[in-house]
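# A look at the structure
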Amino acid sequence: MITAKRRRRSLSVRQKLYCISALGVAFQVIVAVVALLSLREVNSAAAATDRVVLAQRQLQDADMAHDALRGDVSAAVLAGDGATGLSLAGLADAVRVDAASMRDDIARTAALGLNASVDAPVRELRRTADAYAEDATRIVDLAATDHDAAVARVRAFESSYATLSTGFAATREAIGAHAERAAGHAAQARFRARLTIVLASLAALLGMFVFAGMIGRSLVRKLDALADVAHRVMGGDREARYLVQREDEIGELGRAFNAMADDLTSVVAQLERDAQRDGFGTQLVEALEMADEEASAHEVIERAMVQIDDAAPTELLLSDSSRAHLSRAAESPTAGAAGCPVSSPFSCVAVRRGNDALRLALDDALGRAIADGSLGAAWSREMAWLPFPLEA
């Protein structure tokens, strides 16, 4: 039972190139996703830093309003004593505006929700600021109706001012510490983002290099095998052929090369046979020209028979002068004569399969020569000792 090795079905070269392109796009998408995630972390850290900066600015504005309230209270006390020409109604409006501004700034700072280390002092600051603002409003209102009561509350108000100043200092310190941590986190996030993007890019490049190298190595290996077969054929190994194992472009190239090698082998073999035949014919002609006698010529022919095929029975049959009888002139020294039973040239199959037009022309010329007696005259002149075998 004859079985053929089944060729393995694999991706074509075009499909492999498409795979490399698709893998490159996939790696680019992965790097882009990693970059987006890293940038999201960086943006989150930057947003946290921005919130800290905003909290510091709002706290500074609240502190300025806190100082302004103290000035408003002092001006109201002096105005109630008649020491200045300021309007108590205007000072009361200023106190309410500054108190509202201080409370709003502190409330917005608390709403940022920075972290527990900041939220606790902000809540305490907010409580202290509310009490401070109420004291300032009450003193200004008393300055218009009961100046002595307002002056009596100034000392307690100064104590509230100092307590609130201490609260502002503690809150600024807490926010400053948080700002340093936020800046550190932002720097780390930027570093991690850069490192992640670089590592993802390197991994993508390495993956592309490995995958492309695997495919390229496979293609180069097949092409090297085909080139090796081509060199062997070029070096004279006519039996060398490429072993086609896969149905792809390289396999098609291998089959085309094998077909070309078959054709080339056939052409070279034919040229060698023609050259051998021409060389043998030339040598035979030269040997026959050098033969002085008929026996020497027969010996040359016998040697030629051995060179052509020493195992094939071969013989040389020559017709006599009458062209009516055949006789053996030479035979193969190694295999002997073929034993051809033909005794007349015209009974030979080879003669009958020859050129019919030439044979008919020769027969016609021979018949005319016999009919007009020219053949008999030539016979009598050249071979007078033999009777002419063909009479008209």
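Residues numbered from 1 in each chain as written. Predicted model: local features only at pLDDT ≥ 70, side-chain atom pairs only at ≥ 80, totals over all residues. Heavy atoms only, no water.

## Some points on the overall build of the protein chain
What counts is decided by this rule: For the purposes of this entry, the term helix denotes a DSSP run of H or I that reaches at least four residues, the term strand denotes a run of E that reaches at least two, and both are numbered from the N terminus. Each residue's exposure class comes from its accessible area (1.4 Å probe, protein chains only) as a fraction of the maximum for that residue type: buried when under 20%, exposed when over 50%, partly exposed otherwise. A contact between two residues is defined here by any heavy atoms of the two lying within 4.5 Å. Calculation of accessible area relied on Shrake-Rupley with a 1.4 Å probe; when residues are assessed, cover is drawn exclusively from the protein chains displayed.
If you tally the helices and strands in the protein chain, you get nine helices and two strands. Each helix and strand of the protein chain, placed in order from N terminus to C terminus, yields the pattern α-α-α-α-α-α-β-β-α-α-α. When the 392 residues of the protein chain are sorted by exposure, 28% land in the buried category. Look at the contacts in the protein chain between residues 6 or more apart in sequence, and 63% of them connect residues 24 or more apart. Total accessible area computed for the protein chain in this model is approximately 24700 Å², and 59% of it derives from carbon and sulfur atoms.

## Thoughts on the packing of helix H2 (residues 88-111) against helix H3 (residues 116-145)
Applied cut-off: Each axis is a line fitted through C-alpha atoms, taken for helices only over the stretch in contact, and angles between the N-to-C directions span 0 to 180 degrees. Oblique is the label for any angle not under 35 degrees, not over 145, and not in the 65 to 115 range, which are roughly parallel, roughly antiparallel and roughly perpendicular in turn. Each residue is assigned to one class: nonpolar for Ala, Val, Leu, Ile, Met, Phe, Trp, Tyr, Cys and Pro, charged for Asp, Glu, Lys and Arg, and polar for all the others, Gly among them.
Between H2 and H3, the least distance of the axes is 10 Å, while the angle of their chain directions is 175°. Here H3 runs roughly antiparallel to H2, going by the angle between their axes. Of the residues that constitute the contact of H2 with H3, the class distribution is 18 nonpolar, two polar and six charged.

## Topic: the pattern of salt bridges
Where charged atoms from two side chains of opposite charge approach closely, those side chains can pair. The cut-off we apply is this: Note on definitions: salt bridges are taken to be side-chain nitrogens of Lys or Arg within 4 Å of carboxyl oxygens of Asp or Glu.
A full pass over the atoms with the stated rule returns 12 salt bridges. Its salt-bridge partner being Asp141, residue Arg96 comes within 3.5 Å of it at the nearest N-O pair. Of the two residues, Arg96 sits in helix H2 while Asp141 sits in helix H3, which places them 45 residues apart along the sequence. By relative accessible area, Asp141 is classed as partly exposed at 36%. Via salt bridges that share partners, Asp135, Arg138 and Arg153 belong to a single interconnected network.

## Looking at the packing of aromatic side chains
Threshold: Working definition: a ring pair exists when centres of Phe, Tyr or Trp rings (six-membered ring for Trp) sit within 6.5 Å. Plane angles under 30 degrees give stacked, over 60 give edge-to-face, the rest tilted. Here, a charge over a ring means that NZ of Lys or CZ of Arg falls within 6 Å of the ring centre while also lying within 35 degrees of the ring normal.
By the definition in use, this model includes two aromatic pairs. Relative to Phe157, the ring of Tyr132 has its centre 4.8 Å away and its plane inclined at 15°; by these criteria the two rings are stacked. Separated by 25 residues along the polypeptide, Tyr132 in helix H3 and Phe157 in helix H4 (residues 147-234) bring together distant segments of the chain. Judged by centre distance (6.2 Å) and plane angle (45°), the rings of Tyr132 and Tyr161 are tilted. Of this pair, Tyr132 sits in helix H3 while Tyr161 sits in helix H4, and the two are 29 residues apart along the sequence. Residue class for Tyr132 comes out buried when judged on its relative accessible area of 0%. On the basis of relative accessibility, which here comes to 15%, the residue Tyr161 falls in the buried class. An aromatic cluster is built from Tyr132, Phe157 and Tyr161, whose rings are joined through pairwise contacts. Taking the ring centre of Tyr161 as reference, the NZ or CZ of Arg70 above it sits at 4.3 Å.

## Brief notes about H4
The following threshold applies: Each helix should span, by expectation, one fewer than its residue count multiplied by 1.5 Å. Fitting axes to the seven residues that end at a residue and to the seven that start at it, the angle between those axes gives the bend at that residue.
An ideal rise of 1.5 Å per residue puts 130 Å on 88 residues; H4 measures up with 123 Å between its terminal C-alpha atoms. Roughly 35° is the biggest bend found in H4, and it falls at Val154. Gly236 occupies a position one or two residues after H4 and carries a positive phi of about 115°.

## Some thoughts on the side chain of Thr171
Tracing the backbone through its elements, the reader meets Thr171 in helix H4. Accessibility expressed as a relative area gives 0% for Thr171, which makes it buried.

## Side note on the side chain of Lys222
Relative to the assigned elements, Lys222 resides in helix H4. Here Lys222 falls in the buried class, since its relative accessible area comes to 12%. Those residues in contact with Lys222 that lie beyond four places of it in its chain are Lys16, Tyr242, Arg246, Asp248 and Ile250.

## Digging into the environment of Ile250
Following the sequence through the fold, Ile250 ends up in helix H5 (residues 249-290). Linking Ile250 and Leu219, residues 31 residues apart in sequence, is a C-alpha distance of 7.9 Å. For Ile250, the residues in contact, after removing those within four places along its chain, are Val13, Leu219, Lys222, Leu223 and Tyr242.

## Let's talk about the confidence of the model for the protein chain
Threshold: Along the chain, pLDDT gives the predictor's confidence residue by residue, from 0 to 100.
Overall, the prediction assigns the protein chain a mean pLDDT of 79, with 77% of residues at 70 or greater. Ranking the elements of the protein chain by mean pLDDT puts helix H7 (residues 349-352) last with 56 and H2 first with 89. Low confidence marks residues 1-6, where pLDDT is under 50. Its contacts with residues over four positions away, or in another chain, come to one contact.

## Describing the packing of H3 against H4
For the record, the criterion: Take the far helix as your reference; a near helix turned counterclockwise from it by less than a right angle gives a left-handed crossing, and one turned clockwise gives a right-handed crossing.
In contact at an axis separation of 8 Å, H3 and H4 are set at 160° when each is read in the N-to-C sense. The angle between the axes of H3 and H4 places the two elements in the roughly antiparallel class. Where H3 crosses over H4, the handedness of that crossing is left-handed.

## Observations concerning a nonpolar patch on the surface
Condition: Patch membership requires more than 30% relative accessible area and the absence of a salt bridge. Residues of like charge join within 9 Å; the nonpolar side chains Val, Leu, Ile, Met, Phe, Trp and Tyr join within 5 Å.
A surface patch of nonpolar side chains, amounting to about 590 Å² of accessible area, comprises Phe191, Leu195, Val198, Leu199, Leu202 and Leu205. Of note, Phe191 is situated in helix H4.

## A word on the environment of Glu239
By secondary structure assignment, the location of Glu239 is in the loop between H4 and H5. For the pair Glu239 and Asn258, spaced 19 residues apart in sequence, the C-alpha separation works out to 9.9 Å.

## Section: the environment of Ala186
Structurally, the position occupied by Ala186 is in helix H4. The sequence separation of Ala186 and Glu41 amounts to 145 residues, and the corresponding C-alpha distance is 8.6 Å. Excluding anything up to four places from it in sequence, Ala186 contacts Ala45 and Thr49.

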